[in-house]
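Tertiary structure, described
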Amino acid sequence: MAASPSTARAINDRLALRLLQDEGPLTAAQLKTLTGLSRPTVADLVERLRGSGLVHVVGEAGAERRGPNARLYGIVAGRAHLAALDVRTRSVSVAVADLLGATLAEASAPVGDDGGTGPAVEKAVSLLERTAKEAGVDAPHSVAIGAPGLIEPVTGELRDSTGLPAWHRRLVAVLQDRLPARVLVENETNLAAVAELREGAARDREDFVLLWLGQGVGAAVVLDGRLRRGASGGAGEIGFLPVPGTGGLPSATGCDGGFHELACTAAVEALAREHGLDPATALASGHEPFLDAVARRLAVGAAAVVSVLDPGCVVLGGETGHSGGAALAARVEAELAALSPLRTEVRATALGDAAVLRGALLTARDAAQEDLFP
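Scope of this entry: the structure provided in the associated data block. (Residues numbered from 1 in each chain as written. Predicted model: local features only at pLDDT ≥ 70, side-chain atom pairs only at ≥ 80, totals over all residues. Heavy atoms only, no water.)

1. With respect to the nonpolar core
Heads up, the rule is: By convention a nonpolar core is built from buried Ala, Val, Leu, Ile, Met, Phe, Trp, Tyr and Cys residues, the set being connected through side-chain atoms within 4.5 Å. Classification of residues uses two cut-offs on accessible area relative to the type maximum, computed with a 1.4 Å probe and protein chains only: under 20% is buried, over 50% is exposed, and between them is partly exposed. A run of H or I in DSSP counts as a helix once it spans at least four residues, and a run of E counts as a strand once it spans at least two, with each numbered from the N terminus. The contact criterion used is simple: two residues touch if any of their non-hydrogen atoms lie within 4.5 Å.
Counting 37 residues, the largest nonpolar core has Leu211, Phe290, Leu298, Leu316 and Leu328 as its most contacted members. Counting residues per element, the ones that place at least two in this core are β8 (208-213), β9 (217-223), α7 (260-263), α8 (265-274), α9 (288-309), β11 (313-317), α10 (318-339) and β12 (345-348). With ten residues, the top contributor of residues to this core is α9. For Phe290, the contacting residues outside a window of four places in its chain are Val268, Leu271, Ala272, His275, Leu277, Ala282 and Leu283. Listed in part, the 30 residues of the second largest apolar core include Leu26, Leu31, Leu45 and Leu82.

2. Describing the sheet that holds strand β5 (residues 103-110)
To keep it simple, the criterion reads: Only strands that DSSP links by at least two bridges are regarded as paired with each other. To obtain an axis, a line is fitted to C-alpha atoms, over the contacting stretch when the element is a helix, and the angle between two such axes runs from 0 to 180 degrees between their N-to-C directions.
Read across the sheet, five strands follow the order β5-β4-β3-β6-β7 without closing on themselves; strand pairing throughout is mixed. Of all strands in the sheet, those with a lone pairing partner are β5 and β7 (182-187), marking the two edges. Strand-to-strand twist of the sheet, defined as the mean angle between neighbouring strand axes without regard to direction, takes the value 15 degrees. As paired strands, strand β3 (residues 81-87) and strand β4 (residues 91-98) are joined by seven bridges and run antiparallel to one another. For His81, the partnering residue across the bridge sits in β4 and is Asp98. Along the sheet, helix α5 (residues 166-178) contacts β3, β4, β6 (142-147) and β7; its crossing angle with β3, the most-contacted strand, is approximately 165 degrees. With respect to the sheet, helix α6 (residues 188-199) is in contact with β3, β6 and β7, its orientation differing from that of β7 by roughly 95 degrees.

3. Notes on the side chain of Arg358
Relative to the assigned elements, Arg358 resides in helix α11 (residues 355-372). Here Arg358 falls in the buried class, since its relative accessible area comes to 19%. Apart from the residues within four sequence positions on either side, Arg358 is in contact with Gly101, Thr103, Ala195 and Glu199.

4. Description of the sheet that holds β11
Judged by pairing direction, the sheet is mixed, and its five strands sit side by side in the order β10-β9-β8-β11-β12 without closing on themselves. Two strands close off the open sheet at either side, each with one partner strand: β10 (226-228) and β12. The average angle at which neighbouring strand axes cross in this sheet is 25 degrees, direction not considered. Against the sheet, α10 makes contact with β8, β11 and β12, and its axis sits at roughly 160 degrees relative to β12, the strand it touches most.

Written out as structure tokens, the structure reads:
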């Protein structure tokens, strides 16, 4: 069935906007070439998008060219603004950006649970408000929050989990109540994977697994270019993975005894002390026996994931993946090759600790553009 004229216009407009987002400013002739649309159709869609306030003229192409054919069209970056929060156990980081995802202001602050849930929430909200004001933004259109823990796949809410601060869940509710914005919440590891997929170490991959190696241990699964959350939102909870080398077995209420026991920051720091190293600098020290020992531990968990998913690529993220860099990734790849017949490339994160916040900004941008783009 052929699309109606209005549907065809909407499809063409969205295609043009996506090209302007991905390629940057373009002339009408370039839009014609990239879309395959006729010159009159491109002229009509450009005028529609200019009339809606989504597109404007940003310059001219070529030093010698003048006139309508040389006009460069770009998305109006200030048409809407975005906010992102990276919520950790005892801290929060905030970024405010324009519709194209360019960061306008950033800030971080410690947020302890010792003062109670209310003060912790107010501190986080105040940080967002101050950062938005610094960026010259009255109210963001979309806000995305990255937090540890499970997200309910149906409601999109952060689940009440033992071991996580109560102010995390309260923060989401307060932002939804106080901001005239769409507020989204996503697991921090999933957001890091979104950022690595679109701007980081996995830009050339459609299938990969991100291992998040920090105070907590988890994974994000990307297959066919899509983030996979699982039936209950728990895909990638590999901290609970039963593995050899631990003191017991994990339980439904605690990951002690699981892969977490081998790979969390505290475990890596204890291993560094066993090798006579300063935990703060051990991963970057180049100390081969220590790096080999860490790689053997990480390969145990990675092998279990690889044997089920065969992603072809594993990205090491979080504090350990960032600090260990390419040297640790190469050792994990070698150890993994000895454990699994499935060929798997192992890469270090390209975005480091900024991956969660960047993934949150990309998620907020998608939400805003979905609402604003016809």
